[in-house]
Number of protein chains: 2
Amino acid sequence: MIQQLTIIGVGLIGGSLARALKQANYCREVVGCSRNEAHLQKALELGVIDRFSTDIGEAVKDADMVLVAVPLGAMESCFAAMAGHLSPDTVITDVGSSKASVIKAAKAAFGDELPPGFVPGHPIAGTEQSGVEASFSELFRNRRVILTPLASTSAEALSKVEAMWHETGAMVDEMAVEHHDEVLAATSHLPHLLAYGLVDTLVSMDKSEEIFRFAAGGFRDFTRIASSDPIVWRDICIANQPALLAMMERFQSDLEKLTELVRTGDADALGEIFQRAKSARSRFIDQLEK
Amino acid sequence: MIQQLTIIGVGLIGGSLARALKQANYCREVVGCSRNEAHLQKALELGVIDRFSTDIGEAVKDADMVLVAVPLGAMESCFAAMAGHLSPDTVITDVGSSKASVIKAAKAAFGDELPPGFVPGHPIAGTEQSGVEASFSELFRNRRVILTPLASTSAEALSKVEAMWHETGAMVDEMAVEHHDEVLAATSHLPHLLAYGLVDTLVSMDKSEEIFRFAAGGFRDFTRIASSDPIVWRDICIANQPALLAMMERFQSDLEKLTELVRTGDADALGEIFQRAKSARSRFIDQLEK
């Protein structure tokens, strides 16, 4: 059981973890921290946190678990603000969608010798909503959480973070940092970029209002992720640049091939690709629903 | 009221229209037609059609309304098979997602002088499901149906098709053929190609099963349309080639620019694009929900 969980950045993810752990009676006290006092006040009113501070050093003092749930661009300054205020036993984990960049930010703040309590993590869960108002205790149930422990990570810290996520109903996996970043570039970062990009392409067309008027349910689903928080996703694209660029180049090359098939009217080859994609997707959905 | 509605291709769209019109008591008899007798038998058992024939000429005889709801690649042979079997007053409409190609197919079958009863149409509705089992009477409620009447189309035929779609709860718009094809390339055909393409890119990667395992809800929504019927969508991409190619080139050029912003780490410009897309999407969703 956690005595004091300090959550830095009490939004959809941080707020949902607090709700889940409170519901499981796994946490004695949740302390919220943010630069925005109104957000913290809201979280307090919603019962998501028990008290708050806008000062990171103060908020992490006495915490046995610290969760950093801020946009990737704010990671380094958060780590820097908590350095020197942590006890040797404090476990520090995060929810960043790109792990190499978080580790780099931690090294910039803590020095190359990272605290043994630092366990980089990433829950593969979320909605296109943001903010503590959108948080809910079931967000992580049956979802996967990827931990990317380092050589410096203590076994005890790792098992504490694993135990915490298990309490939310999540499945926990371990993965190498680079592999995490490649997998997420493929399944999450590239799709977000494509969805934002498509909507923006349509916006810039003549009579775009009319174009949107004739969009149907398929378009709504396809572009749902383009309603995600722009700051969070801007930071992800910058932070996971190497893996994302590799995926973008791969996809653009495949899209060139598809364009060529449309151009030459190669119905058979197009049909084969569509069939292969449909089959793969239904296998993937079967897998998800297991 | 329609005396005899003949539906050629009793799948999701044709079946849903039959169900909606029966529910509205707007149709005395629905005759199904398909090359596949088992499908027709199924439609009969489900009460979607009242009788069927596998012979198009026979099925359209005595019909006052004929709905052609087959994949675009089968349009020409359908029109050819009904030519000579229609009465002068028969209204013929279709549900093809690309209108120029349907008109071309009709001209190849009927000759350049198209029947005055021919009203090209396209209901902007559907799900990623296919087949008569997936049909339901509410599919068109509050959805838009685009009609692209021609100079040859009689006012009477146009108003009969409009009245039929109104009975399903749909809103009916008229549009020029080329404009329809451009709008649909943007909001429907390109997104389908991107979704199929992304899934196929991931399938072709090493350890693709593992990659899919870490995909979350956003990916599921984004790729939902990649579970659509591959034959239908292959035919759409071929049939609407000119408008689709223009959209693909436009999107690829925009994607190049996004790639460059990721490559140069231009967080401000990326954030602006994401914010613009998010705002546009919420305006569009507000519009849809009106």
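Preceding this paragraph is the structure being described.
All of these numbers come straight from a predicted model, not from anything done at the bench. Starting from 1, residues in each chain are numbered consecutively following that chain's sequence as written. The lettering of chains begins at A and the numbering of ligands begins at 1, in the order of writing. Two thresholds apply to this predicted model, a pLDDT of at least 70 for residue-level local features and 80 or more for giving and counting side-chain atom pairs, whereas whole-chain, interface and lining totals are computed over all residues. Derived side-chain values reflect all non-hydrogen atoms in the structure, with water molecules and hydrogen atoms excluded from consideration.

Enquirer: Can you explain the overall build of chain A? Please cite residues and give values.
Expert: The helix and strand inventory of chain A stands at twelve helices and nine strands. The reference for a compact globule is 2.2 Å times residues^0.38; the radius of gyration itself is calculated from the C-alpha atoms. Taking 19 Å as the expected radius of gyration for a compact globule of 290 residues, we find that chain A reaches 21 Å, a close match to that expectation. Along the three orthogonal principal directions, the C-alpha set of chain A runs to about 65 × 40 × 35 Å. A burial count over chain A gives 58% of its 290 residues as buried. Contacts: residue pairs with any heavy atoms within 4.5 Å of one another. A sequence separation of at least 24 residues applies to 74% of the contacts in chain A between residues at least 6 apart. Every accessible area reported is derived by Shrake-Rupley at a probe size of 1.4 Å, with residue values counting cover from the shown protein chains alone. Taken as a whole, chain A presents about 11600 Å² of accessible surface, with 47% of it coming from carbon and sulfur. When charges are counted, Lys and Arg contribute as positive and Asp and Glu as negative, whereas His and the chain ends are disregarded. Where a charge lies is defined by one atom per residue type, namely NZ (Lys), CZ (Arg), CG (Asp) and CD (Glu). Here chain A contributes 27 positive and 40 negative side-chain charges, whose respective centroids are spaced 4 Å apart. The helix count covers DSSP runs of H or I at least four residues long, the strand count covers runs of E at least two residues long, and both are numbered beginning at the N terminus. Three labels apply to residues, based on accessible area from a 1.4 Å probe with only protein chains included: buried if under 20% of the type maximum, exposed if over 50%, partly exposed otherwise in between.

Enquirer: For the sheet that holds strand E8 (residues 144-147) of chain B, give the residues involved together with the corresponding values.
Expert: Residue and element names in this part refer to chain B. A pair of strands is treated as paired once DSSP finds two or more bridges between them. Read from one edge to the other, the open sheet built from three strands follows the order E7-E8-E9, with strand pairing classed as mixed. Lying at the two open borders of the sheet, with one neighbouring strand each, are strand E7 (121-124) and strand E9 (171-174). Going across the sheet, the axis of each strand differs from the next one's by a mean of 25°, ignoring polarity. Sheet analysis places E7 next to E8, joined by four bridges and oriented antiparallel. When the sheet's bridge partners are listed, His122 is paired in E8 with Ile146. Under this scheme, a helix contributes an axis fitted over its contacting stretch, all axes are lines through C-alpha atoms, and angles between N-to-C directions fall in the 0 to 180 degree range.

Enquirer: How would you explain the packing of helix H11 (residues 241-264) of chain A against helix H11 (residues 241-264) of chain B if you had to name every residue and give the values?
Expert: One way to put it is that H11 of chain A packs onto H11 of chain B with a least axis distance of 11 Å and a crossing angle of 165°. Taken together, the axes of H11 of chain A and H11 of chain B are roughly antiparallel relative to one another. For the pair H11 of chain A and H11 of chain B, the crossing hand works out as left-handed. In terms of residue class, the contact of H11 of chain A with H11 of chain B is built from 14 nonpolar, six polar and six charged. Put simply, angles under 35 degrees are roughly parallel, angles over 145 are roughly antiparallel, angles from 65 to 115 are roughly perpendicular, and the rest are oblique. Left-handed describes a crossing whose near helix is turned anticlockwise from the far helix through less than a right angle; right-handed describes the clockwise counterpart. Charged means Asp, Glu, Lys or Arg here, nonpolar means Ala, Val, Leu, Ile, Met, Phe, Trp, Tyr, Cys or Pro, and polar covers whatever is left, Gly included.

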